[in-house]
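An overview of the molecular structure
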Protein chains: 2
Amino acid sequence: MFNSSVLLKEYDLKVTPQRVAIVEELYRNGHMNIDELYQSLLKKFPSISLATIYKNVNAMVEKIFLNEVKIPEAKSVYELAKEEHSHLICSSCGKIEDIYIDTSVLNDSVATISDFKVKDTKVVFSGTCSDCQKSSK
Amino acid sequence: MFNSSVLLKEYDLKVTPQRVAIVEELYRNGHMNIDELYQSLLKKFPSISLATIYKNVNAMVEKIFLNEVKIPEAKSVYELAKEEHSHLICSSCGKIEDIYIDTSVLNDSVATISDFKVKDTKVVFSGTCSDCQKSSK
DNA sequence: ATATCTGCAAATGCTTTGCAGGGCA
DNA sequence: TGCCCTGCAAAGCATTTGCAGATAT
């Protein structure tokens, strides 16, 4: 079962209610940008400061316990770190989904035509999610 | 031969010396962020304004004649639009290279496990360029 | 001729910083 | 208790906007 306090401790971050809430919101929603996190935490902590969100998100990113996902034509979102995966971005509704596909073929292609040593491969697909395909019919 | 005036006209942008310079710098350097463009144009136009750079880059991006490339842990860079390609980012020196590999296999993988309709696939590889591999030996 | 562009200055927005009080270990 | 965290306010950057004069077509 998912336990945000344990997670925070593992990464040497003191357990505070605000941090727990950040982690749990991300766990529930998958991907959120700074402002979505702020709006969401405001409900639980009416006097929480945006600065607190920034400080904590930055701290968690530094501990490599959150990842920043940069998205074409939109604000970055954050997600809990997990095994390598790619992202599907719906241009119509903005929804972001994870997708687990094998991208290692690409690394092989790079290796055959270049001397570049690949450490990390990020893939972002833009297009239309299945909900938006239906509703546009 | 490369002709920036023709290019600007094709995209319904008035040909000004500043715009020509932006296009030519990008043509020569491949990828530049806003500040690099500004510093570079300052040499030719000592009184050019950052606002002019922003306005023009934004206009060119809207005309889909420049692309913004979002890079992990660095500022976005801009490049002249060209056929679809991927990017190699050297984590050591920051250099950005284009690489032309076929990414359509990934779209097939997505299609088999998801209903998402892919329109565009962006791939960014991070790692070490060949120069930096040599110099670290 | 005129619509658009440039450069300047101001405004806006986003993110970070410093600090005093409060909370977790 | 002691160090770290929070919230507030201010500072710092990045980007956009409005405007008057200049420029491209």
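Residues numbered from 1 in each chain as written. Chains lettered and ligands numbered in written order. Predicted model: local features only at pLDDT ≥ 70, side-chain atom pairs only at ≥ 80, totals over all residues. Heavy atoms only, no water.

Section: the state of the cysteines
In this structure the tally under the stated criterion is zero disulfides over all chains. Not engaged in a disulfide, the cysteine Cys90(A) finds its nearest cysteine sulfur in Cys93(A); these two sulfurs lie 3.7 Å apart. No disulfide involves Cys132(B); its sulfur sits 3.7 Å from the nearest other cysteine sulfur, which is in Cys129(B). (Disulfide = S-S within 2.5 Å.)

Considering the interface of chain A and chain B
At the interface, 38 residues of chain A touch 38 residues of chain B. Summing the contributions of chain A and of chain B, the shared interface buries around 2800 Å²; its carbon and sulfur component is 66%. When the buried area of chain A at its contact with chain B is split by residue, Lys70(A), Leu106(A) and Phe116(A) rank highest and sum to 22% of it. Our count for the contact surface shared by chain A and chain B stands at zero salt bridges. The interface formed by chain A and chain B includes 16 residue pairs in polar contact (both at pLDDT 80 or more). Going through the elements one at a time, β3 (86–90), β4 (96–99), α5 (104–113), β5 (117–128) and α6 (130–135) of chain A are the ones with two or more residues in the side of chain A that touches chain B. Along the lines of polarity and charge, the residues of the side of chain A that touches chain B split into 19 nonpolar, ten polar and nine charged. With eleven bridges joining them, β5(A) and strand β5 (residues 117–128) of chain B adopt antiparallel strand pairing. Bridge pairing in β5(B) places Phe125(A) opposite Thr121(B). (Contact = heavy atoms within 4.5 Å. Buried area = accessible area lost by both parts, 1.4 Å probe. Salt bridge = Lys/Arg side-chain N within 4 Å of Asp/Glu carboxyl O. Polar contact = N/O pair within 3.5 Å; in protein donor to acceptor, adjacent residues only side chain to side chain. Helix = DSSP H or I, 4+ residues; strand = E, 2+ residues; numbered from the N terminus. Nonpolar A, V, L, I, M, F, W, Y, C, P; charged D, E, K, R; others polar. Pairing = 2+ DSSP bridges.)

A closer look at the side chain of Thr121(A)
Secondary-structure assignment places Thr121(A) in strand β5. Residue classification places Thr121(A) among the buried positions, given a relative accessible area of 6%. At 3.0 Å, the side chain of Thr121(A) forms a polar contact with the side chain of Asn107(A). Apart from the residues within four sequence positions on either side, Thr121(A) is in contact with Glu84(A), Thr103(A), Asn107(A), Val123(B), Val124(B) and Phe125(B). (Buried < 20%, exposed > 50% of the residue type's maximum accessible area, 1.4 Å probe, protein only.)

A short note on the protein's contact with DNA strand C
Around DNA strand C sit 18 residues, and of these Tyr54(A), Asn58(A), Thr16(B), Arg19(B) and Lys55(B) come closest. Sugar plus phosphate: this is where 75% of the atoms of DNA strand C within 4 Å of the protein reside. Asn56(B) places a side-chain nitrogen or oxygen 3.2 Å from a phosphate oxygen of DNA strand C. (Near = heavy atom within 4 Å.)

A short note on the packing of helix α3 (residues 34–44) of chain B against helix α4 (residues 50–62) of chain B
Residue and element names in this part refer to chain B. Where α3 meets α4, the closest approach of the two axes is 10 Å, and the angle between their N-to-C directions is 125°. The angle between the axes of α3 and α4 places the two elements in the oblique class. Crossing angle aside, the handedness with which α3 passes α4 is right-handed. When α3 is examined against α4, the residues Ile34, Leu37, Tyr38 and Leu41 are found in contact with a partner set consisting of Leu50, Ile53, Tyr54 and Val57. Among the residues forming the contact of α3 with α4, the class breakdown is eight nonpolar, no polar and no charged. (Axes fitted to C-alpha atoms, helices over the stretch in contact; angles between N-to-C directions. Parallel < 35°, antiparallel > 145°, perpendicular 65-115°, else oblique. Left-handed = near helix turned anticlockwise from the far one by under 90°.)

What to know about the sheet that holds strand β3 (residues 86–90) of chain B
Sheet strands pair by backbone hydrogen bonding; their relative direction is either parallel or antiparallel. Sheet architecture is open: six strands sit in the order β4(A)-β3(A)-β5(A)-β5(B)-β3(B)-β4(B), paired in mixed fashion. Lying at the two open borders of the sheet, with one neighbouring strand each, are β4 of chain A together with β4 (96–99) of chain B. Ignoring which end each strand starts from, the neighbouring axes of this sheet average 25° apart. Running over the sheet, α5(A) touches β5 of chain A together with β3, β4 and β5 of chain B and is turned about 55° from β5(B).

Observations regarding the environment of Gly30(B)
Residues and elements named next belong to chain B. With respect to the helices and strands, Gly30 occurs in the loop between α2 (17–29) and α3. Gly30 sits in the buried class, given a relative accessible area of 17%. Once residues within four sequence positions are removed from consideration, Gly30 is found in contact with Glu25, Tyr78 and Glu79.

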